[in-house]
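The residues making up each chain are set out below.
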Amino acid sequence: MIKRYKKSSESIGWKIRKGVKRIMEEKKNLLTYAGLKALEEELHDLKVVKRKEVAGKIKEAREQGDLSENAEYDAAKDEQRDIEARIEEIEKILKNAEVVVEDEVDLEKINVGCTVRLYDVEFDEEMEYKIVGSSEANSLQGKISNESPVGKALMGRKVGDSVEVETQAGTIQYRVLGIQRSI
């Protein structure tokens, strides 16, 4: 009886994981047009250029003989695996992509596809962020996700609004100075 219960609970856990995975795969990926183009270009480069380069490296390494101790072969196979994983990831993103038409973004309130000028109250400085979908977020380029703590707090806000954001570093206060179309 205990074995049957254990087996049953494993089965339920497996079904839950499978359901969560399916939901994650069906989740819409918000992309700007620029983000869509960048992913399409990366996918093309991976499929057309990188695959051929790695195939050549693997071929060269095979010609050297014994593969069991061939570091170049192992490195090429690792690179091939990484490329294939990235191709799969990009294809999943594109399969569920929803492109935000930046020309149609409502500039009355903050939304995906707009650039926001903020005033950081604590540090007395202005900053600018582009609000994007999570798959194209890059803080070094000033692109923040609509799903990040700052992005979530800013969504729907208007010029003049004060925003408090709970982060791991504590509470940050911003004032919205401007909203414009991303260029």
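Further up the page is the structure itself.
Conventions used here
- Note on numbering: residues in each chain are counted from 1, in written sequence order.
- Local features in this predicted model are restricted to residues of pLDDT 70 or higher, and side-chain atom pairs are both shown and tallied only at a pLDDT of 80 or more, whereas totals for entire chains, interfaces and linings draw on every residue.
- For the side-chain quantities, the full set of heavy atoms in the structure was used; hydrogens and water were omitted.
- Pairing between strands is defined by DSSP: at least two bridges between the two strands are required.
- Helix and strand definitions follow DSSP, with helices as H or I runs of at least four residues and strands as E runs of at least two, each counted in order from the N terminus.
- As a rule, the C-alpha atoms of each element are fitted with a line to give its axis, helices using only the stretch in contact, and angles between N-to-C directions run from 0 to 180 degrees.
- Relative accessibility decides the category of a residue: with a 1.4 Å probe and only protein chains considered, values under 20% of the type maximum give buried, values over 50% give exposed, and everything between is partly exposed.
- Only heavy atoms matter for contacts: two residues are in contact if any of them lie within 4.5 Å across the pair.
- What qualifies as a polar contact is a pair of N or O atoms within 3.5 Å, subject to a donor-acceptor requirement within protein and to the restriction that residues adjacent in sequence count only when both atoms come from side chains.

How should the sheet that holds strand β4 (residues 125-132) be read in this particular structure?
Sheet strands line up and pair through hydrogen bonds in the backbone, either parallel or antiparallel. Read across the open sheet, the five strands follow the order β5-β4-β3-β7-β6; overall the sheet is mixed. A strand with exactly one partner marks an edge of an open sheet, and here the two such strands are β5 (143-145) and β6 (162-167). Geometrically, the sheet is characterised by an average inter-axis angle of 45 degrees between neighbouring strands, direction not taken into account. Judged from the seven bridges that link them, strand β3 (residues 114-120) and strand β7 (residues 170-181) form a sheet pairing that is antiparallel. The residue of β7 that forms the bridge with D120 is Y174.

Explanation requested: the environment of Q173 in the structure shown.
Summarising the element assignment, Q173 is placed in strand β7. Look at Q173 and you get partly exposed, because its relative accessible area is 35%. Sequence separation of Q173 and L118 is 55 residues, and the distance between their C-alpha atoms is 9.7 Å. Setting aside residues up to four positions removed in sequence, Q173 forms contacts with Y119, D120, V121, V163 and E164. Side-chain polar atoms of Q173 contact the side chain of E164, separated by 3.4 Å.

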